[in-house]
Amino acid sequence: MHGPRSWANGIVALALVGCTAEVPAQNAGLEAEPGEEFAGGETTVFDTSPNAFSLSARNMTSERRSTFFVGNSFFKENWVIAPASTEGRDGLGPLYNARSCSGCHLLDGRGSPPEDAAEPLVSVLVRLSVPGQTEHGGPAPEPTYGGQLQPRAIPGVVPEGDAFVSYEEQPATFPDGAPYSLRRPTYSFALNRGDMQADTMRSPRVAPQMIGLGLLEAIPEADILAAADPDDADEDGISGKANKVWDSAAGKVVLGRFGWKANQPNLAEQTAGAFLGDIGISTSLFPAQECTAAQLDCAAAPDGGNPECSDHILHAVTFYSTTLAVPARRDWQDQDVLSGKKLFNEAGCAKCHTPVHKTGTFEGYPELSNQTIRPYTDMLLHDMGDELADGRPDFDADGREWRTPPLWGIGLLEVVNGHTNLMHDGRARGIVEAIMWHGGEGEASREAFRVMSLEQRQSLVRFVESL
């Protein structure tokens with residue numbers, strides 16, 4: 001008996017069979033670009049093991065690696081409840097999602113929703129907000145639960161509850177008769193502090209992989225803004241909008257770069273925000289716990305000092321997150337992969353998944369400066385259609401817009417994390433499904449892929465897997 005999941009697996013299997021497919025005559029002799037394998041420029045590492053996402057920039061000096069290793073330690077080790085004799089690692093909670101960064105970013109990779117509908121979400125957090133904005137233009141938090149659902153708590157504090165996901169299969173076929181299936185997610189909640197406000201907006205977000213983040217921060221702002229076309233002035237059907245977000249350290253509105261909706265300005269703020277929101281650890285940038293007025297037990301809970309994470313530790317973890325290297329591409333000279341690359345461009349995928357950027361001078365990070373990199377993202381927001389809309393605005397991002405995620409490392413996801421789940425909520429079980437979920441500004445590319453021959457689809461998928 002063959003269920004929908006078997007159909008999806010069948011597509012993957014067919015893609016693998018396609019690795020040896022004969023190259024069409026019109027694509028014979030395709031050549032790779034010089035240096036195309038160095039996805040992260042001189043920072044690129046050559047590792048295809050489960051540790052491929054956890055290495056430092058290859059061009060980093062040995063003197064600077066000590067800070068990388070300190071950051072690695074605090075990224076991976078669990079924080080404990082205060083007070084504790086474990087100096088520098090206490091202060092967990094009072095409310096939290098995980099005990100460590102690696103609790104969601106396992107091996108610095110990507111999280112995934114559970115396969116069993118009875119299991120709660122762990123490496124997928126749920127953002128919460130109600131209509132309106134904060135004083136700085138961000139989403140207004142839900143009055144009882146705050147800005148994200150935190151399912152865990154220290155003793156004496158009531159955890160907020162759990163979120164669950166179940167799926168409805170939607171079988172379909174390509175024009176050539178090959179089957180595939182998309183799974184539509186439905187979320188449910190078991191809440192411990194009463195109902196949420198009736199108009200609460202909920203947005204599940206998978207923990208993304210950590211590689212190459214510093215290189216993305218090193219892309220000059222002017223280059224990102226130059227590619228924006230918010231009104232689609234060139235009438236190509238692709239807009240591309242920059243998110244403008246609040247920078248708490250600078251005290252002003254700046255370009256958003258990180259997060260599924262580009263709602264974080266830089267890695268320092270991303271790191272400090274994750275410490276507070278995900279682990280319940282305060283920093284000098286965010287010194288107060290985010291207990292709501294309805295959470296008196298949270299507000300009265302003991303802390304691990306003020307701040308609980310020293311600036312030294314925060315810097316080390318930020319340094320670690322900034323300098324995690326990108327693995328080199330595989331099979332970049334293979335004719336079938338090059339054929340897939342050609343099809344990727346012809347389908348218009350590269351209009352948003354911009355292949356090449358040049359980093360500028362990144363103060364404090366000489367190894368990341370002036371590198372030619374191939375992340376396959378434009379760092380901009382795009383309308384991805386009704387099917388992917390979460391209906392939750394985030395600064396200038398509306399409820400249909402998502403930032404183009406970088407594609408580098410995507411082909412090693414299964415090796416590192418043991419799954420191939422993609423998209424912001426992990427609904428796609430592989431590259432084929434991820435493409436077929438594209439709507440809105442991605443619809444034309446999805447349709448171009450849909451009407452390709454089986455051999456062409458296999459080549460395009462194999463190209464993406466080489467990234």
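Values in this document were obtained by computation on a predicted structure and should not be read as measured data.

### Examining the state of the cysteines
Phase 1: The full count for this structure, using the stated rule, is 1 disulfide.
Phase 2: Unpaired in this structure, cysteine 352 has its nearest cysteine sulfur neighbour in cysteine 349, at a distance of 9.0 Å.

### Looking at the pairing of strand S7 (residues 201–206)
Look at any regular strand and the pattern is simple: side chains alternate between the two faces of the sheet.
Phase 1: With respect to burial, S7 is a largely interior element, 5 of its 6 residues being buried.
Phase 2: In the sheet, strand S2 (residues 124–133) pairs with S7 via 6 bridges, with the strands oriented antiparallel. Bridge pairing links valine 124 to valine 206 in S7.

### Observations regarding helix H11 (residues 443–450)
Phase 1: Ser445, Arg446 and Phe449 are the residues of H11 that are buried. Seen from one end, H11 has its buried residues packed into an arc of 100°, which puts them on one side.
Phase 2: Those residues of H11 that are buried are in contact with helix H10 (431–437) and helix H12 (454–465).

### Observations concerning the packing of aromatic side chains
Phase 1: Counted according to the given criterion, the structure contains 13 aromatic pairs.
Phase 2: Note on phenylalanine 174 and phenylalanine 449: the rings are 6.2 Å apart at their centroids and 80° apart in plane angle, and the pair reads as edge-to-face. In this pair, phenylalanine 174 is assigned in the loop between strand S5 (161–173) and strand S6 (179–191) and phenylalanine 449 in helix H11, connecting sequence segments 275 residues apart. In this pair, the class of phenylalanine 174 matches that of phenylalanine 449, namely buried.
Phase 3: Over the face of the ring belonging to phenylalanine 74 we find arginine 89, whose NZ or CZ atom lies 4.1 Å from the ring centre.
Phase 4: Above the ring of tyrosine 167, the side-chain terminus of arginine 183 is found at 4.1 Å from the ring centroid.

### A short note on the packing of helix H8 (residues 335–346) against H12
Phase 1: H12 packs onto H8 with a crossing angle of 100° between their chain directions and a minimal axis gap of 7 Å. By the criterion of interaxial angle, the relationship of H8 to H12 is roughly perpendicular. Contacts from Asp336, Val337, Ser339, Gly340, Lys341, Leu343 and Phe344 in H8 reach Gln456, Ser459, Leu460, Arg462, Phe463 and Val464 in H12.
Phase 2: Here the residues of the contact of H8 with H12 are counted per class, giving 6 nonpolar, 4 polar and 3 charged.

What counts, and where the lines are drawn
- Residues numbered from 1 in each chain as written.
- Predicted model: local features only at pLDDT ≥ 70, side-chain atom pairs only at ≥ 80, totals over all residues.
- Heavy atoms only, no water.
- Disulfide = S-S within 2.5 Å.
- Buried < 20%, exposed > 50% of the residue type's maximum accessible area, 1.4 Å probe, protein only.
- Helix = DSSP H or I, 4+ residues; strand = E, 2+ residues; numbered from the N terminus.
- Pairing = 2+ DSSP bridges.
- Arc of directions from axis to C-beta.
- Contact = heavy atoms within 4.5 Å.
- Phe/Tyr/Trp six-rings, centres within 6.5 Å; stacked < 30°, edge-to-face > 60°.
- Lys NZ or Arg CZ within 6 Å of the ring centre and 35° of its normal.
- Axes fitted to C-alpha atoms, helices over the stretch in contact; angles between N-to-C directions.
- Parallel < 35°, antiparallel > 145°, perpendicular 65-115°, else oblique.
- Nonpolar A, V, L, I, M, F, W, Y, C, P; charged D, E, K, R; others polar.

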